[in-house]
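Listed here are the chains, written in short residue letters.
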Amino acid sequence: CNTRSSHEFTRRSYETGIVIVQCPGCKNRHLIADHLGWFKEGTKEGTLKTVEDLMRAKGEKVRRG
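Each chain carries its own residue numbering, running from 1 in the written order of its sequence. Under the rules for a predicted model, residues below a pLDDT of 70 receive no local features and side-chain atom pairs below 80 are neither given nor counted, while totals for whole chains, interfaces and linings still include all residues. The side-chain figures draw on all heavy atoms in the structure; neither hydrogens nor water molecules are used.

## Quick look at the packing of aromatic side chains
Put simply, two rings from Phe, Tyr or Trp (the six-membered ring, in Trp's case) pair if the centres are within 6.5 Å, and we call them stacked under 30 degrees between planes, edge-to-face over 60, tilted for the rest. Scanning the entire structure with this criterion turns up 1 aromatic pair. Between Phe9 and Tyr14 the ring centres are 5.9 Å apart and the planes differ by 25 degrees, which places this aromatic pair in the stacked class. Judged by relative accessible area, which is 10%, Tyr14 ranks as buried. Buried residues are those whose accessible area, probed at 1.4 Å on protein chains only, stays under 20% of the maximum for their type, while exposed residues exceed 50% and partly exposed ones sit between those limits.

This is how it looks when you write it as structure tokens:
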């Protein structure tokens, strides 16, 4: 839907838990981090745990701010 948005979540949840955010434009929920293994199918059997890992796997540049 090409809607840009920002969301806040704790560093602890991003590094050790699960983060799911809802897009305000299309109302879809997007997986940002999964360190508990709940969504293994969408993260190549649990090896890609964060959105950063997924981007790196696709060859995209990742920049943390």
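## Topic: the layout of surface pockets
As a volume, the largest pocket reaches approximately 560 Å³. For the largest pocket, the lining is made up of 17 residues, of which Tyr14, Ile32, Val51, Glu52 and Met55 are closest to its centre. Only DSSP runs of H or I with at least four residues qualify as helices, and only runs of E with at least two residues qualify as strands; both kinds are numbered from the N terminus onward. Elements supplying a minimum of two residues to the lining of the largest pocket: α1 (11-16), β2 (29-34) and α2 (51-57). It is α2 that provides the largest number of residues to the lining of the largest pocket, a total of 4 residues. Taken together, 14 residues line the second largest pocket, and the ones lying closest to its centre are Thr3, Arg4, Ser5, Ser6 and His7. When contributions to the lining of the second largest pocket are tallied by element, the ones reaching two or more residues are β1 (18-22) and β2. In this count, Pro and Cys sit with the nonpolar residues alongside Ala, Val, Leu, Ile, Met, Phe, Trp and Tyr, while Asp, Glu, Lys and Arg are called charged and the others, Gly among them, polar. Taken together, the residues that form the lining of the second largest pocket break down as 6 nonpolar, 7 polar and 1 charged. Buriedness of a pocket was judged along seven lines, with at least five required to meet protein on both sides within 12 Å; pockets are open sets of points on a 1 Å grid over the protein atoms alone, cavities are sets where a 1.4 Å probe fits but cannot get out, and lining residues have an atom within 4 Å of a point. Grid points are joined across faces, edges and corners, and a volume is the space filled by probe spheres set on the points.

## Some remarks on the side chain of Glu52
Within the secondary structure, Glu52 sits in helix α2. Residue Glu52 is classed as buried on the basis of its relative accessible area of 13%. Here, two residues are considered to be in contact whenever any of their heavy atoms come within 4.5 Å of each other. Each residue touching Glu52, except ones within four places of it in the same chain, is listed here: Tyr14, Val62 and Arg64.

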